[in-house]
Amino acid sequence: MKMRSLSTYLLLIAAALSGCEKYLDGTQLPANTIAATDVYASDNMVSTVVTGVYLTMNNSGGFAGSANANIGYTMSLYTDELKSLRSGNFADVFYKNAIQSGQSGHWSDFYKKLFTINTAIEGINTSKGKLTYKDQWLGECYFLRAYFYFYLVNIYGPVPLALTNDYMINNRLSRAPENEVYKQIIADLKMAQSLLSNEYRNGYGIATNNRLRPNKAAATALLARAYLYAKEWANAEAQATELISNTNYEMIPLSQVFLANSKETIWALAPNNPKPAYEYAFYNN
């Protein structure tokens, strides 16, 4: 499969950052702007950055629900759960497992989000501010990085492992073998497990009943799946058993499954506005 060049995207970032650096050199920052070093100075500021990733997931790309990107729809075609009845359109390439770089927006979308996440990980780790919920924000970032790479490796196979926000490094990356990508996914999820609590927390770091940000169970669930795909059967079973044994989650009647905070939900994105699921519109088209 052909891939959209990661280097093209990162070169554009490099050019933009270079121009900004020259423009701001020796000058005062414009009003209503914040220096990069100050973005991670407080819990509220860090939360804004991390929450922004969830907002972009809702607003663009594979999790936003639009007909030409919806991850549930395209992956169902990819795995033959759905069948494409029209040839030559965007849906057909997923159904035939013939994804080309210009026909799938997941590549560029996920790498844009990964750039933000890598920047956040570096900013949080080097912050000189007093971050009460530092573990929560870092845990969410490591979980999200693993989450996006899990989709990337399953859609495209070998992919560049960009683990820094240094565009000079990322610009020279070649595609890493699938087993290396899975090793990184597993390492990130183990880190997320160690940082996240069993409780769900909101954007202020306060415990909540809303299951809208990843917790330790979410990391455990994805880790079990990553081990399974990496063919580490014993580890997959151990992680799955840990989650199945967790009394906060259980099978419930179908009429209650797809409600907010149901006991079958491990993690869910919050919609910007209450509305019917996007899928109905184009499944019935």
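Nothing here was measured: the structure is a model prediction, and the numbers come from that model.

Before going further, it helps to spend a moment on the side chain of D188. In this structure, D188 sits in helix α8 (residues 178–195). By relative accessible area, which is 3% here, D188 ends up buried. Apart from the residues within four sequence positions on either side, D188 is in contact with Y142, R145 and A146.

A separate point is the pattern of salt bridges. Enumeration over the complete set of coordinates arrives at 5 salt bridges. Ionic pairing is found between D188 and R145, a salt bridge with its closest N-O pair at 2.8 Å. Residue D188 is found in helix α8, and its partner R145 is found in helix α6 (residues 134–156); the two are separated by 43 residues along the sequence.

Turning next to the packing of α6 against α8. Interhelical geometry of α6 versus α8 gives an angle of 155° and a closest axis separation of 8 Å. Between α6 and α8, the interaxial angle falls into the category roughly antiparallel. Where α6 crosses over α8, the two elements pack in a sense that is left-handed. Within the contact between the two elements, α6 uses D135, Q136, L138, G139, Y142, F143, R145, A146, Y149, F150, V153 and N154 and α8 uses E178, V181, Y182, Q184, I185, D188, L189, M191, A192 and L195. Partitioned by chemical class, the residues of the contact of α6 with α8 number 14 nonpolar, 4 polar and 4 charged.

Our focus in this paragraph is helix α10 (residues 233–244). Note on helix geometry: an α-helix contains 3.6 residues per turn, so any two residues three or four positions apart are oriented the same way. For α10, built from 12 residues, the straight-helix expectation of 16 Å at 1.5 Å per residue is met to within 8% by its first-to-last C-alpha distance of 16 Å. Taken residue by residue, α10 has A236, Q239 and L243 as its buried positions. End-on view of α10: buried residues confined to an arc of 70°, all on one side of the axis. For α10, exposure combined with an orientation more than 90 degrees from the buried face picks out W233, A234, E237 and I244.

With that settled, the discussion passes to the packing of helix α9 (residues 216–229) against α10. A pair of packed helices can be characterised by two numbers: the angle between their axes and the separation between those axes. Following both chains from N to C, one finds α9 and α10 inclined at 155°, their axes separated by 8 Å at the closest point. Considering their axes alone, α9 and α10 lie roughly antiparallel with respect to each other. For the crossing formed where α9 meets α10, the hand is left-handed. In this structure, α9 contributes K216, A217, T220, A221, L223, A224, Y227 and L228 to the contact, and α10 contributes W233, N235, A236, Q239, A240, E242 and L243. The residue inventory of the contact of α9 with α10, partitioned by class, reads 10 nonpolar, 3 polar and 2 charged.

Attention now goes to the nonpolar core. Membership of the largest hydrophobic core comes to 63 residues, with the highest contact counts inside it found for F143, F148, Y149 and I185. Elements with a contribution of two residues or more to this core: α2 (43–59), α3 (71–78), α4 (90–95), α5 (106–125), α6, α8 and α9. Looking at this core element by element, the count peaks at 16 residues for α6.

Let's shift gears to α8. Across its 18 residues, α8 extends 26 Å between first and last C-alpha, which sits within 8% of the 26 Å expected from 1.5 Å per residue. Listed as buried for α8 are V181, Y182, Q184, I185, I186, D188, L189, A192, Q193 and L195. Contacts made by the buried residues of α8 are with α6, α9 and α10.

So, how was this worked out
Throughout, a residue's number is its position along its own chain's written sequence, starting from 1. In keeping with the predicted nature of the model, local features appear solely for residues at pLDDT of at least 70, side-chain atom pairs appear and are counted solely at 80 or more, and the whole-chain, interface and lining totals rest on all residues. Note that the side-chain values use all heavy atoms of the structure and ignore hydrogens as well as water. For helices the rule is a DSSP run of H or I covering at least 4 residues; for strands it is a run of E covering at least 2, with both sets numbered from the N terminus onward. We call a residue buried when its accessible area falls under 20% of the maximum for its residue type, exposed when it is over 50%, and partly exposed in between, using a 1.4 Å probe and counting protein chains only. Throughout, a contact is declared for two residues whenever any of their heavy atoms are within 4.5 Å. Here, a salt bridge means any side-chain nitrogen of Lys or Arg that lies within 4 Å of a carboxyl oxygen of Asp or Glu. Every axis in this analysis is a line fitted to C-alpha atoms, fitted for helices over the stretch in contact. Angles between the N-to-C directions lie between 0 and 180 degrees. With respect to orientation, any angle under 35 degrees is reported as roughly parallel, any angle over 145 as roughly antiparallel, any angle of 65 to 115 as roughly perpendicular, and every other angle as oblique. Helix crossings get a hand from a simple test, with the near helix turned counterclockwise from the far one by less than a right angle marking a left-handed crossing and a clockwise turn marking a right-handed one. In the scheme used here, Gly and all other residues not listed as nonpolar or charged are polar, with Ala, Val, Leu, Ile, Met, Phe, Trp, Tyr, Cys and Pro taken as nonpolar and Asp, Glu, Lys and Arg as charged. Between the first and last residue of a helix there are one fewer steps than residues, each counted as 1.5 Å, and that sum is the expected span. This arc corresponds to the set of directions leading from the helix axis out to the C-beta atoms. The nonpolar core is taken to be a set of buried Ala, Val, Leu, Ile, Met, Phe, Trp, Tyr and Cys residues, with the residues joined through side-chain atoms within 4.5 Å.

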